[in-house]
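Coordinates in review
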Amino acid sequence: MPVTTYTEDDLVDYDEFDEEDEEDGMSPEDRVAMSNATAEVKKALGSDTIKVTNTQIQEALWHYYYDVDKSVAYLNRTFIAPPQKSTPKKTSEGKSDEFFFSDTLGLFVRSAWAGRGPAGHRSDRACEMRSRDSGASAVSLQAQFSDMPWMNVPHDRKANLIPPSRPRGGLLGGSEGAQKMSKLQALAASRKKKIEEKKGLGNASFPERSMKRLSLSEHAGKGFADPSPSPTKRQKNAETAALPSHKRDLAPDSASKAQSQQLGAAQVSATHPGAAAAFTDSPLSSTRATADVLVSKPAPSAFAQTLFGDASDARQTNRPEVFAMPYAMSSAFLVDAFSQPSPDDIVLAAQAQAGKKVAPAQKASAKKTPSKAASKEEEVSTDVSNLKINDAPPPKSKGLDVVKEFENSNSKKSVSFVVVGHVDAGKSTLMGRLLVELKLVEQRTVDKYRRQAEKSGKQSFALAWVMDQGSEERDRGVTIDIATNHFETPTTKFTILDAPGHRDFVPNMIAGASQADFAILVIDANTGAYERGLKGQTREHVLLLRSLGVQRLVVAVNKLDMVAWSQDRFQEISEQVTGFLTGLGFQDKFVTFVPISGLNGDNIASKIEDTAASWYKGSTLLEALEESAPATARAVEKPFRMAISEVFRSQLGTTTLAGRIDSGTVQIGDKILVQPSGESAYVKSIMVDTAAQDWAVAGQSVSVALTNIDPIHIRVGDIICETTNPILCGDTFTMKAMAFDHVMPMPVDLHRGRLHAPGQIQSIIATIDKVTGATIKRKPKVVQPGGVARLVIQLASKVPLEAGQRVVIRSGGETIAAGLLES
Ligand SMILES: Nc1nc2c(ncn2[C@@H]2O[C@H](COP(=O)(O)OP(=O)(O)OP(=O)(O)O)[C@@H](O)[C@H]2O)c(=O)[nH]1
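All values reported here derive from a predicted model rather than from experimental measurement.

Thresholds, definitions, all that
Residues numbered from 1 in each chain as written. Predicted model: local features only at pLDDT ≥ 70, side-chain atom pairs only at ≥ 80, totals over all residues. Heavy atoms only, no water. Salt bridge = Lys/Arg side-chain N within 4 Å of Asp/Glu carboxyl O. Helix = DSSP H or I, 4+ residues; strand = E, 2+ residues; numbered from the N terminus. Buried < 20%, exposed > 50% of the residue type's maximum accessible area, 1.4 Å probe, protein only. Near = heavy atom within 4 Å. Polar contact = N/O pair within 3.5 Å; in protein donor to acceptor, adjacent residues only side chain to side chain. Areas by Shrake-Rupley, 256 points an atom, 1.4 Å probe, with all protein chains shown as cover. Pairing = 2+ DSSP bridges. Axes fitted to C-alpha atoms, helices over the stretch in contact; angles between N-to-C directions. Parallel < 35°, antiparallel > 145°, perpendicular 65-115°, else oblique. Left-handed = near helix turned anticlockwise from the far one by under 90°. Contact = heavy atoms within 4.5 Å. Nonpolar A, V, L, I, M, F, W, Y, C, P; charged D, E, K, R; others polar. pLDDT = per-residue confidence, 0-100. Phe/Tyr/Trp six-rings, centres within 6.5 Å; stacked < 30°, edge-to-face > 60°.

This brings us to the pattern of salt bridges. Tallying each qualifying case throughout the model produces 14 salt bridges. A salt bridge links Asp662 to Arg752; the nearest nitrogen and oxygen atoms lie 3.3 Å apart. On the criterion of sequence distance, the pair formed by Asp662 in strand E10 (residues 655-663) and Arg752 in strand E19 (residues 747-752) is long-range, its members being 90 residues apart. We classify Asp662 as partly exposed; its relative accessible area is 26%. The salt bridge partner of Asp718 is Arg715, with a shortest N-O separation of 3.7 Å. Residue class for Asp718 comes out buried when judged on its relative accessible area of 3%. Each of Glu531, Arg569 and Glu572 takes part in a single network of salt bridges with overlapping partners.

In the vicinity of the ligand, 20 residues are found, and the nearest of them are Ser428, Thr429, Ser460, Thr479 and Asp561. A distance of 3.2 Å separates an oxygen atom of the ligand from a polar atom in the backbone of Asp424. Protein contact buries 93% of the 650 Å² of open area that the ligand shows by itself. Of the residues forming the shell around the ligand, the biggest block, three residues, is contributed by helix H21 (residues 427-437).

Every regular strand shows the same layout, with side chains that alternate between the two sheet faces. With six bridges joining them, E19 and strand E20 (residues 755-768) adopt antiparallel strand pairing. Directly across from His751, in E20, lies its bridge partner His756. The turn linking E19 back onto E20 is made up of two residues, and Gly753 within it adopts a positive phi angle of 55 degrees. Where E19 and strand E23 (residues 806-811) come together, three bridges link them in antiparallel fashion. In the strand pairing of E23, Asp749 is matched with Arg810.

Once that is clear, we can look at the pairing of strand E16 (residues 701-707). In terms of burial, E16 is a largely internal element, six of the seven residues being buried. Sheet topology places E10 next to E16; six bridges connect them, and they run antiparallel. Bridge pairing in E16 places Leu657 opposite Val704. Across six bridges, strand E13 (residues 679-688) lies against E16 in antiparallel orientation. In the strand pairing of E16, Met687 is matched with Ser703.

Turning to the packing of helix H4 (residues 54-63) against helix H5 (residues 68-80), a few remarks are in order. It is the contact of H4 with H5, at a shortest axis distance of 9 Å, that shows an interaxial angle of 130 degrees. Of the possible angle classes, the one that applies to H4 and H5 is oblique. Along this stretch, H4 crosses H5, giving a crossing that reads as right-handed. Every residue of H5 that contacts H4 at Gln56, Ile57, Ala60 and Leu61 is listed here: Val68, Ser71, Tyr74, Leu75 and Phe79. Taken together, the residues of the contact of H4 with H5 break down into seven nonpolar, two polar and no charged.

Spatially, E4-E5-E3-E6-E7-E8 is the arrangement adopted by the six strands of the open sheet, whose pairing is mixed. Among the strands making up the open sheet, the edge pair consists of strand E4 (483-488) and strand E8 (591-595). Neighbouring strand axes in the sheet, compared pairwise and without regard to direction, differ in orientation by 25 degrees on average. Pairing geometry for strand E7 (residues 553-558) and E8, over five bridges, is parallel.

On to the packing of helix H3 (residues 28-45) against H5, then. As a packed pair, H3 and H5 sit with axes 10 Å apart at the nearest point and diverge in direction by 55 degrees. Comparing the axis directions of H3 and H5 gives the class oblique. Remark: the crossing between H3 and H5 carries right-handed chirality. Side by side, H3 and H5 meet where Ala37, Glu40, Val41, Ala44 and Leu45 of the first sit next to Val68, Ser71, Val72, Leu75, Asn76 and Ile80 of the second. Across the contact of H3 with H5, the residue classes break down as eight nonpolar, two polar and one charged.

This paragraph deals with the side chain of Thr429. Within the secondary structure, Thr429 sits in helix H21. Taking relative accessible area as the criterion, Thr429 reaches 12% and is therefore assigned buried. Non-local contacts of Thr429, meaning those with residues more than four positions away in its chain, are made with Ser460, Leu463, Ala464, Gly598 and Leu599.

Mapped onto the elements of the fold, Val807 is located in strand E23. Taking C-alpha positions, Val807 is 4.9 Å from Arg752, a pair spaced 55 residues apart along the chain. Val807 has contacts with Met735, Leu750, His751, Arg752, Leu801, Ala818, Gly819 and Leu821, leaving out every residue within four places of it along the chain.

A few words now on the confidence of the model for the protein. Mean pLDDT over the protein stands at 70; residues scoring 70 or higher make up 60%. For the stretch residues 1-23, pLDDT sits under 50, and the model shows 30 contacts to residues farther than four places along the chain or on other chains. Scored below 50 in pLDDT, residues 385-390 makes seven contacts in the model with residues more than four places away or belonging to other chains.

Right, let's get into the packing of aromatic side chains. A complete count under the given rule lists eleven aromatic pairs for this structure. Both rings, one in Trp62 and one in Tyr66, keep their centres 6.5 Å apart while their planes meet at 75 degrees; by these two values the pair is edge-to-face. When its relative accessible area of 15% is taken as the criterion, Tyr66 is described as buried. Ring centres 6.3 Å apart and planes at 75 degrees place the aromatic pair Phe570 and Tyr616 in the edge-to-face group. Taken together, the positions of Phe570 in helix H28 (residues 567-583) and Tyr616 in the loop between E8 and helix H29 (621-628) put the pair 46 residues apart, joining distant regions of the chain.

Below you can see the structure in the form of structure tokens.
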């Protein structure tokens, strides 16, 4: 343990010392008191007085603040009759209030004046001052405590006095003036300086150096020798001494940045003398080396360095010193491991050059090349890096006249229908049964589903599982998303869009209905269920179908097995629903009612044989579907548009989009545009229903594989269109809407297929007559349910929508209106 001896300079506060007006530091009152007390002590000691000197008496009195008794006791104990064996521990740890802990010294010292008269008000610092100053010999700490009993211990067992930790000057501790360095500190300082010089600290970025100079403690020692110059002078010093040397190191951009930092620092100097003083000094000045590197100097925090450090500094090799990254300590760590092309890059670039193959894009950092060969590779790499994924050769187009091809194809009608109805009406079961009847799903598959469903007590859902493939759908026994399937009859190709009935999934139902040419409305004929449905999603779904332009319906009155094939029940439901549909504008000729049992397969693909149903002479469901399927007036001559319902990404770089072509035609090799991203791509292949084809037309449900596009630019709900006549994106639209609920200026979500766009009803232009279209009232505040109005919708972002499209408006989870975009 190092032995530190305090010198007078270490301990004396000159300011306070100067306050004493006498040479020995005693006031006249002290002198009188001392004289009187000395006489009393001598009197008390009697014959023993000769064993002590006057000085010892007076020191004792001084320590005990003229307490004669204590002084006498002390003199007796120490000089006249000292004990044979000292007990330093006991004494030093004595509980007597004669001792107290001095914060300044970090030691227990004798408290001669504690709580005594006027002196009791003195600080322990003043006490130390007096102790140090009383008598010429009492200037060192050792000497000061030489009269302590525990100082009698053998020399080799003496305790060492350890210097207390000093208040840390600087940013946090405040600067209290000069701090002298020990030899050890000086040694550490000079070592540190050497290391910094080796590392080329001079190359450190200017902001970092500026931060170092802003450290108060770093230059705390200069306060005495170098009084703070005036702000003007400091700024001038900073400009003349610091800036030019940094300018040489920095690129123009960095230099200007540095200049602005310099200016900022100079501004700091005007209000912060300490910081300003630091700013005037070069950290590299050898003459100040010792003072520059006090052990307690606080460095700028990592946060400050992050703020002021130059991120664009090319001298990245210094960074690991700033931020101690664990991996940087590894012997395997290479600072500039990525500054040159990787071996793989070089090989690929060379291969590309030799075989004219497309190499992967060069890393941006690979700019330096170590050799001539490498520089050639760099050229290749640069060329390669200029290549984009879009530069791959597009698929070849056969240049077909698709409209003619379609007219000459004599292919079957291709239609889509959506299956809607209240939750649990039996939609999925019905479609599952239909596919089984058509032998598109094997009975053993259904049996397997039944066994699996039995385990969870849902055996009645086995047929529904044919359509509901999702585990959550199966667990919950409800359809969540649109399920798609295909079948065909001798005359028609059908696409099934099985929609969810639950009110929570109405947006998915909207997506299905947007792609449908017609619909099956499934109604649960069971007592009470039909009524519930009519108040619930039966009604909402029908409204949505009508709003989305679906005109043809097959109404499947289901679960008639549960009402014993009651003709009355069927009649009752048929009449009520007909009235409801007619009220919404559906024409009788486009609506067909079929009594069925989806579960049992009655009247699905074949007529029921049960005599209880002998009263029914009409079509089976399958026949009704064929009869209802519209001879689609295909918009094949219109610009190509297709709404994306699903996106599949393959690892081969192609992205496949599923959806229904709304208008126009498409063929392999066509360049298309994805909106709203505005990215183009090429059509690589086309699947219509389940068959690969060279082309497809409006109305067909297709899967289109695209190349030369990053799938991040494609989302469900986007539109792909032709590049020559693309759909435009907008955020403000006028629409003619039928209100399902009270409609007023309010936040809404706009739905078209899978496109969901938040926005608000900005204004209501007018309410209009449903039939004639004449204006009823201009700028009404609200549209009543069932009313028709012209609205202005403002969306939060631009989306690909255009006049003529049907959209639905929902708010708070409810459908409030639906209609046609006019502009
Ligand atoms: N008795 C009888 N039960 C049926 C019939 N059709 C369906 N079910 C039962 O009705 C329940 C619901 O059938 P699902 O096919 O899941 O009904 P869903 O309309 O598809 O339901 P969501 O899609 O969730 O709205 C199941 O337990 C079926 O077994 C039927 O014709 N007769």
